[in-house]
Amino acid sequence: MKNIHSNIEKAKKYLTNNNVVAIPTETVYGLAGNAYSNKAVKKIFSLKKRSLKNPLIVHYYSISDLKQDCIINEAFNKLFRKFCPGPLTFVLNKKKNSRLSKYVNANKKTIAIRFPKNKITQSLLSKLNFPLAAPSANISSKLSSVTATDVKDEFGNKIKLILNGGKTKIGLESTIVDLTDKISILRPGGITIEQLEAVLHCKIKLKKLSKNIKSPGQLGLHYSPGIPVRLNANYPKKNEAFLQFSEKAKNKNNYFTLSKSGNMREAAKNLFSILRLIKKKGYSSIAVGRIPSHGLGLAINDRLKKASNR
Ligand code: AMP
Ligand code: MG
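Description of the structure in this document. (Residues numbered from 1 in each chain as written. Chains lettered and ligands numbered in written order. Predicted model: local features only at pLDDT ≥ 70, side-chain atom pairs only at ≥ 80, totals over all residues. Heavy atoms only, no water.)

## Structural notes on the nonpolar core
Core analysis: the largest hydrophobic core is formed by 61 residues, its most contacted members being F76, L79, F90, V104, I113, L124 and L132. In this view, L132 contacts L15, I23, A32, G33, N34, A35, I57, V58, H59, L124 and L125; residues no more than four positions away in its chain are not counted. Counting 30 residues, the second largest nonpolar core, distinct from the first, contains V146, L172, L258 and A307. (Core = buried A, V, L, I, M, F, W, Y, C linked by side-chain atoms within 4.5 Å. Buried < 20%, exposed > 50% of the residue type's maximum accessible area, 1.4 Å probe, protein only. Contact = heavy atoms within 4.5 Å.)

See below:
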């Protein structure tokens, strides 16, 4: 514990000097920098090899901090009370006098923000006088990191510090809800559409891809393990790994199971680490069986669909 306190202090020092550190959250690890600093934000983009057109999510400690930069509304208040801190990202209108770096949101009028639920990162945020821009800690288009080791595998010694918070609880990115227009989901994630609908008492649509895309991260290959992924398969081909939702087929060493008992939360938590493991074992491709699409299954299927794009 003592170690983590001194590492939080170290992280504070690095971040205050416009450096980038990796932070644990309940969803996936983040690559964090001072969201008010052009220099720090540009470092994040360059480390991730991310297009400057793809905006980042800004992480806050409290609503009062958020109000310096964003305009909130009634739907925000309702969802905040129910789900925050937690795996829900809001797209809000940015205040004109906000100090946020223009690079953080690709110079748009809107900004994606959230309140992470992880003790280490909350403690760090509470000690800073700026919010943290933090996209997932992975090279663009690759798998997100769910352990400190994954982050190390992605970036080697290119980042000075990884705050180790163990394996992330949820294992999938946050749900992104756009509150600046007709309420819609831009990315399914850790909070389900059903949960959001129950609080807002209305139907919420998952935004389909369009040219006028609000989340460029939705386009093309994403969440890729680095080998081809084939969906809705019944069996693996030769040299293929088979990823199944629950344990239907046993005792085959190229079979990998998201959750033996078919538990959706467990499946979500295991998704990225199992995909990483399959790649490490040297398989040339991955066949994926059918995965139910209710609840968190929608987010799991979304990630696998994007991982299968070519
Ligand atoms: P990641 O940083 O990997 O968690 O991805 C963040 C996602 O949030 C990307 O898909 C971005 O396109 C999306 N995003 C960030 N800011 C905005 C915004 N202002 N409007 C819409 N989507 C956003
Ligand atoms: Mg990402």
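After presenting the structure, the write-up continues.
## Some thoughts on the side chain of R114
Here R114 is to be found in strand β6 (residues 110-114). Here R114 falls in the buried class, since its relative accessible area comes to 2%. In contact with R114, not counting residues within four places along its chain, are T25, E26, T27, I57, V58, H59, Y60, G86, P87, L88, T89 and S174. (Helix = DSSP H or I, 4+ residues; strand = E, 2+ residues; numbered from the N terminus.)

## Some details on the environment of T89
Of note, T89 is situated in strand β5 (residues 88-94). Each residue touching T89, except ones within four places of it in the same chain, is listed here: I57, A112, I113, R114, S174, T175, I176 and V177.

## Considerations on the pairing of strand β2 (residues 30-34)
Along β2, five of the five residues are buried, which leaves the element largely enclosed by surrounding structure. Direction of pairing for strand β1 (residues 21-23) relative to β2: antiparallel, over a ladder of three bridges. Along β2, the bridge assignment pairs A22 with L31. In this antiparallel pair of consecutive strands, β1 and β2, the connection spans six residues. (Pairing = 2+ DSSP bridges.)

## A look at the pairing of strand β9 (residues 184-187)
Note that strand β8 (residues 175-178) and β9 share three bridges and pair antiparallel. Bridge pairing in β9 links D178 to S184. The loop that links β8 with its antiparallel partner β9 comprises five residues. As defined by bridge partners, β9 adjoins strand β10 (residues 205-206) across two bridges and the pair is classed as parallel. In the sheet register, S184 faces β10, and the bridge partner there is K205. Read as a crossover between parallel neighbours, the route from β9 over helix α7 (residues 193-200) to β10 is right-handed. (Right-handed = clockwise from strand over helix to strand, strands pointing away.)

## Overview of the packing of aromatic side chains
The description of an aromatic ring pair rests on the distance of the ring centres and on the angle between the ring planes. Tallying each qualifying case throughout the model produces seven aromatic pairs. Look at F76 and F115: their rings are 6.5 Å apart centre to centre, the planes differ by 50°, and that puts the pair in the tilted class. Of this pair, F76 sits in helix α4 (residues 74-83) while F115 sits in the loop between β6 and α5 (119-127), and the two are 39 residues apart along the sequence. Overall, F115 belongs to the buried group, its relative accessible area being 2%. Relative to Y283, the ring of F256 lies with its centre 5.9 Å away and its plane at 85°, an arrangement referred to as edge-to-face. Of this pair, F256 sits in strand β13 (residues 255-257) while Y283 sits in the loop between α8 (264-280) and β14 (285-288), placing them 27 residues apart in sequence. Take F256: its relative accessible area is 8%, and that puts it in the buried class. Among the residues examined, Y283 registers a relative accessible area of 18% and is labelled buried. Here the aromatic cluster, defined as three or more aromatic residues joined through ring pairs, consists of F76, F80, F90 and F115. (Phe/Tyr/Trp six-rings, centres within 6.5 Å; stacked < 30°, edge-to-face > 60°.)

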